[in-house]
Every structure is written in structure tokens, then in C-alpha cells.
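# Tertiary structure, described
The lines below spell out each chain.
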Amino acid sequence: MGKVLYKSTRSDGNSFEASEAILKGISEDGGLFVPVVFPKLGVSLEEIFKLNYKELALNILGTFFTDFSEEELKYCIDKAYNDKFDSELFAPLIKKGEDFFLELYHGPTLAFKDMALSILPYLIKVASKKNEINKDIVILTATSGDTGKAALEGFAKVPGTKIIVFYPSKGVSEIQKRQMVTQEGENTLVIGIDGSFDDAQSGVKNIFNDKKMLEKLDAKGYIFSSANSINIGRLIPQIVYYFYSYKQLLDMGEIELGEKINFTVPTGNFGNILAGFYAKKLGLPIDKFICASNVNNVLFDFINSGTYNKRRELIVTNSPSMDILLSSNLERFLYDISDSNSDILKGYMNSLADEGIYTVNASMLNKMKDFYGGFASEEETIEAIAKVYKSYNYVMDTHTAVAYKVYDSYRKKVSDTNKNVILSTASPFKFPSSVAKAIDNTIEGDDFQKVKELSLLLNLDIPRNIKDLDKKPIIHNKTCSRSQMSIFVEQFL
Ligand SMILES: *Cc1c(COP(=O)(O)O)cnc(C)c1O
């Protein structure tokens, strides 16, 4: 198999080994790392669907991370996918009526971010050794609620690393916040910022591009990396479960080998759905991607018009992990449909930074036909949870419910007989207020009480990692404004 090198979406200059791209997180020019030449699978589809989750992971990761040895990848995969997950399948596919839910929330923090963030720390560790880095690695992360805890869980107490998480103080659920602020480990720092996820994310990107700051840290013996989905080391592990859900459909006798299926993905930063697009490029038989947004529906507008316009107010919703106006990973998709044209990309991204808007050219718009965009309001989200609960006695979280609602509208509007998989991205226990409102609005109390009531009502065990969350001491109570972010980073280091 050929070597896969990585380059920036915004220039045709240097290329890097996978391990270097993973360590850097983001390119120095602000672009994201993409394969110089998109790789091909080494085995046939028929063979790949015989594999279990970990074997599949080895195959896909091996296809992209060609400077890692098989032993190194096996080590990372074993460390990541084990009994930290409460399902032996890691990503079970559940059929309810005609709907298929790919449950991606069986990891330690109850959201799909665990699928990739449980392996990223080990990929970074191995990459660091491989590149003979003798500095401490500082993971700098912005979170819309779920990435933060999943990254903290992965990096806490890992020797040679420090992790700093910025979250929007008023933009995450009570459970999400409590998961983060109770985080133990000397090497962790969690800070709430007065602002949105977009503010946190652009603040982090600015620190990454602040040459003076980087020099100072370098002198102190630190280098930065990222746990956000801008890091290619996080994106690639997410391709695995697209293949794995197809395999499960085959095993269930629901489809024939080669039959095309659709995926509906609740989308914020465009990371999860982009992993699906990469799966399709690798040859997985996918027809349509149904891209589901909440009322922060920049992507809906973009898919329908070709104009990306972030000039609007961010609205805090009951699906907070999707309250995003700047979908970072869209840049990788644009790069692809521009036929790898860095000049075009640079133009759009400059226009986005300066004016908050860009419009793609006609040929690119034409290549977006496989994507269907829809969105759901908060009320529709609650109604969807209620409807599915009544029909199937099955409970979705708010993000999954956004996807369900958008798919439900799609199938009423478009005649399409493909099987569809809904990516179920969080446990309903992570958003107990909204879930209680949908299925039994007599449930009272704070989020922790609601978790207990829901567990009784639904006859489901409370996931072990949030069971005694309300009794844990709060360790992190710092907040700051966007402009103070770099000061806090310097202080901590
Ligand atoms: C992060 C997240 C999303 C959005 O995923 P992206 O990769 O940002 O598009 C959806 N649902 C949940 C629960 C999440 O945590």
C-alpha cells in the first residue's frame, strides 16, 4: 500500500506524515490537514464486512495512518475500545419499526465523541514518540459540550500531556457542565467563557496561530495539539462506524451487499458527517447524506443555496452540541468538491473570516447533490422524542431527535426506498430535562433528580459515569472572556 501524506486545505506547500499531522492538529496557515492523494481500501467490501469493530478500525486506520506500524495501531485500538464502553459492539445498530439507530453513545462520556476521543490520546502518544518529541503536549480544546469531557477523560493523568478545555458557560447542559467541572487530574484545566462555542473555537484557533505565544511555549518545553475534529486523528476513527453499521445491516439481512443506503447525521461542526463522506469515497455504498441541523441552520441554507452565511445570532437550543455557526470541517468537504483547489479554498475562508459569508461556484454546488439539508425547531425536537417513545418505547436524546425529525420530513417529501441509518449521538440521560419534558412532563427537580426518575420510568440503568456525578466535588470554577483565553493558557503552563 502506498504512503498517505497530508497537506493543508489552504496551500500546496509542505506535506506531512500522518503522525506529524496528528501532532500539529491544524496547519500553520490555518487550513486543515487532508490526504494529498485519497487512499483506497486494501481489501474488498465483502472481506471488510467480515471484520468486527476493532478489526475494522485496524483496517481503516491502517489505510490512512501509514507511518504507524500495525503493532502501534493495535496498541491504540486495544487501549481505546474495551470495557470502558458498555456495549461489546461499541456501536450497536438498533431497529425500531422501519428506523435504524446507530447508537454511538456507549462510551465513557455518553456521547459519540468517545468513538474518536478514546483513541486520540494514544495516537498522539505514539506519534510523539515516533517523532522524538521530548516536549509536553498541551491539548487545547473548545467544546460545545461533549468534546470537552470526552477529551478530558482521554487525557487526564496521561504523563507528558496537559489538557485545557474552554466551554461556553451558558451553552451546555447541566450534566455536560458537571461532567467537566468535576474533572480530576493535575494536568487538566476547564474554563467557562462568556460567549458561544464559536467564540471558544475561534479563540483556540487564534492561540494556535499566535507565533509569539508558540515560541514562548516552545521555550518552556511545550507544544500544542488539538482534540477537536479539526485534528485528522479524530476524524479518521469516525469512518469506522459507518462501515460497521453497513455490516450490521448486512448481518441482519436488511440489505444485499452493494445496496446503497442513506445516513442521517445530526450536524454541528460537520465532523461526523464528513467522516461519512470519507467512507463513501472509500467505496462504502452510500447514496444520500441527510444533514440535520437545529435552528442554527447555516448548513441547511448552505446546502440549499451554496451560500454560507454566518452573519446571524447564535441561538442556544435544547441540542447544545449543535449550537454552532462555523462548521470547521466543511472546509475539508469544500476542498474535495473544488477538486483540491487550495486557491479557491483560501479565497472562501478569507471571505468567511472578513465578511462572514462566501458563495461556492456552480461546479461545486453541483457536486453537493448527495447532501440533503433539513432542520428542526426545539418544539419539533421534543415532539420527535415523544413520538418515538410512544411508538416504540425507545428514547432518543435531543440531537438524535433533530436527526429523526429531519429524516421524517425527508421521507414524506422525497420518494426514496433506500434504508436509512440515523446516527444516534448521545444518551438520553445526558439531556434529562428535555427528555422528561417530552415523555412525562410531571417529572420535577433538577437534572440529577430527573435522571433518577427517568431511569425508573424507562426501566433503564443510570449509566455508571453519571450515577454519582452530583456528589462529586467541583474542581474547576474559573470563567473568562474571549480575550482572556490566552492569558489563562499562559498562567496554567
Ligand atoms: C458534537 C455533537 C454533534 C455534532 O457533531 P459534529 O461532528 O460537530 O457535526 C451532534 N450530537 C452530539 C450529541 C454531539 O456531541
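Throughout what follows, the structure given in this document is the object of discussion. (Residues numbered from 1 in each chain as written. Predicted model: local features only at pLDDT ≥ 70, side-chain atom pairs only at ≥ 80, totals over all residues. Heavy atoms only, no water.)

## Focus: the overall build of the protein chain
The line we're drawing: Helix numbers and strand numbers start at the N terminus; a helix is a DSSP run of H or I with at least 4 residues, a strand a run of E with at least 2. This radius of gyration counts C-alpha atoms alone. The globule rule is 2.2 Å times how many residues there are, raised to the power 0.38. Using a 1.4 Å probe on the protein chains alone, a residue whose accessible area is under 20% of its type maximum counts as buried, one over 50% counts as exposed, and one in between counts as partly exposed. It only takes one pair of heavy atoms within 4.5 Å for two residues to be counted as in contact.
Within the protein chain, the regular secondary structure consists of 22 helices and 15 strands. By the compact-globule yardstick of 23 Å for 493 residues, the protein chain fits well, its C-alpha radius of gyration being 21 Å. Expressed as a percentage of the 493 residues in the protein chain, the buried residues total 61%. In the protein chain, the share of contacts with a sequence separation of at least 24, taken over all contacts with a separation of at least 6, comes to 75%.

## A short note on the pattern of salt bridges
Filter applied, for reference: When a carboxyl oxygen of Asp or Glu lies within 4 Å of a side-chain nitrogen of Lys or Arg, that pair is called a salt bridge.
Applying the stated criterion to the full structure yields 29 salt bridges. Taking the shortest distance from any N to any O, the salt bridge between Lys280 and Asp370 comes out at 2.7 Å. Placement of Lys280 in helix α13 (residues 271–281) and of Asp370 in the loop between α17 (362–366) and β13 (371–375) is noted, with a sequence separation of 90 residues between them. A relative accessible area of 22% means that Lys280 is categorised as partly exposed. On the basis of relative accessibility, which here comes to 28%, the residue Asp370 falls in the partly exposed class.

## Digging into the site of the ligand
Which entries qualify depends on this criterion: If a single non-hydrogen atom of a residue is within 4 Å of a molecule or strand, that residue counts as near it. For this analysis, a polar contact is any N or O atom pair within 3.5 Å, provided that within protein one partner can donate a hydrogen and the other can accept it, and provided that sequence-adjacent residues contribute only side-chain to side-chain pairs. Residue polarity is assigned by list, with Asp, Glu, Lys and Arg as charged and Ala, Val, Leu, Ile, Met, Phe, Trp, Tyr, Cys and Pro as nonpolar; anything else, Gly included, falls into the polar class.
The immediate surroundings of the ligand are formed by 15 residues, with Lys113, Asp146, Gly268, Asn269 and Thr425 found nearest. Contact distances for the ligand include 2.6 Å between an oxygen atom and a side-chain N or O atom of Lys113. One of the side-chain N or O atoms of Asp146 is found 2.4 Å from an oxygen atom in the ligand. Split into classes, the residues belonging to the shell around the ligand amount to 5 nonpolar, 8 polar and 2 charged.

## Some words on the side chain of Glu254
Positionally, Glu254 belongs in the loop between α12 (240–251) and β9 (261–266). When its relative accessible area of 18% is taken as the criterion, Glu254 is described as buried. Every residue in contact with Glu254, bar those within four places of it in the chain, is listed here: Lys95, Phe100, Leu249 and Lys419.

## Looking at the sheet that holds β9
Let me state the cut-off plainly: DSSP bridges decide pairing: two strands pair if at least two such bridges lie between them. Convention adopted: a line fitted to C-alpha atoms gives each axis, helices being fitted over their contacting stretch, and angles between N-to-C directions are expressed from 0 to 180 degrees.
Spatially, β3-β4-β14-β9-β10-β13 is the arrangement adopted by the 6 strands of the open sheet, whose pairing is mixed. Because the sheet does not close on itself, it has two edges, and the strands there are β3 (93–96) and β13. Geometrically, the sheet is characterised by an average inter-axis angle of 25 degrees between neighbouring strands, direction not taken into account. Where β9 meets strand β10 (residues 286–293), 5 bridges bridge the pair, whose relative direction is parallel. In the sheet register, Thr264 faces β10, and the bridge partner there is Ile290. Relative to the sheet, helix α14 (residues 298–305) contacts β10 and β13, its axis offset from that of β13 by approximately 140 degrees.

## Here's the deal with the pairing of strand β14 (residues 419–424)
Counting buried positions along β14 yields 5 of 6 residues, so the element is predominantly enclosed. Two elements, strand β4 (residues 99–103) and β14, share 4 bridges in a ladder whose sense is parallel. Within the sheet, the bridge partner assigned to Leu102 lies in β14 and is Leu423. As paired strands, β9 and β14 are joined by 4 bridges and run parallel to one another. From the neighbouring strand, Phe263 faces β14, where its bridge partner is Val421.

## Focus on the packing of helix α18 (residues 378–392) against helix α19 (residues 398–413)
To keep things clear, this is the line we draw: Between 65 and 115 degrees an angle is taken as roughly perpendicular, under 35 as roughly parallel, over 145 as roughly antiparallel, and anywhere else as oblique.
At a minimum axis separation of 8 Å, α18 and α19 run at an interaxial angle of 85 degrees. Relative to α19, the element α18 is oriented roughly perpendicular. Every residue of α19 that contacts α18 at Glu380, Thr381, Ala384, Ile385, Lys387 and Val388 is listed here: Thr398, Ala401, Val402, Tyr404, Lys405, Asp408 and Lys412. Residue composition of the contact of α18 with α19, by class: 6 nonpolar, 2 polar and 5 charged.

## A short note on unusual backbone geometry
Residues other than glycine seldom take positive phi values, yet Ser340 does so here, at roughly 60 degrees. Tracing the backbone shows Ser340 in the loop between α15 (330–337) and α16 (342–355). When its relative accessible area of 38% is taken as the criterion, Ser340 is described as partly exposed. Phi is positive for Asn459, close to 60 degrees, though the residue is something other than glycine. Structurally, Asn459 can be placed in the loop between α21 (447–458) and β15 (478–480). The exposure class of Asn459 is exposed, given its relative accessible area of 70%.

## With respect to the packing of aromatic side chains
Definition in use: By convention, a stacked pair of Phe, Tyr or Trp rings (six-membered ring in the case of Trp) has centres within 6.5 Å and planes under 30 degrees apart, an edge-to-face pair has planes over 60 apart, and any other such pair is tilted. Over a ring means this: the NZ of a Lys or the CZ of an Arg is within 6 Å of the ring centre and within 35 degrees of the ring normal.
Tallied over the full model, the rule gives 31 aromatic pairs. When the ring of Phe49 is compared with that of Phe243, the centres are 6.4 Å apart and the planes differ by 35 degrees; the resulting orientation is tilted. With Phe49 in the loop between α2 (45–48) and α3 (53–64) and Phe243 in helix α12, this pair connects stretches of sequence that are 194 residues apart. The burial state of Phe49 is the same as that of Phe243; both residues are buried. An aromatic cluster is present here, built from Tyr53, Tyr81, Phe85, Phe90 and Tyr244 joined pairwise through their rings. Here the basic side chain of Lys130 rests over the ring of Phe68, its NZ or CZ set 5.6 Å away from the ring centre. Geometry around Phe38 places Lys281 over its ring, the cationic atom sitting 4.7 Å from the centre.

## Observations regarding the sheet that holds strand β7 (residues 188–193)
Spatial ordering of the open sheet is given by β8-β5-β6-β7-β15, a layout of 5 strands whose pairing is parallel. Both edges of this open sheet fall to β8 (222–226) and β15, since each of them pairs with a single strand only. Each strand of the sheet is rotated relative to its neighbour by a mean of 30 degrees, with strand direction disregarded. Note that strand β5 (residues 136–142) and β8 share 5 bridges and pair parallel. Its bridge partner being in β8, Leu140 is matched across the sheet by Ser226. The strands touched by helix α7 (residues 146–155) within the sheet are β5, β6 (161–168) and β7, with β6 carrying the most contacts at an inclination of about 165 degrees. Contacts between helix α22 (residues 485–492) and the sheet are confined to β5, β6, β7, β8 and β15, with β6 contributing the most and set at about 155 degrees to the helix.

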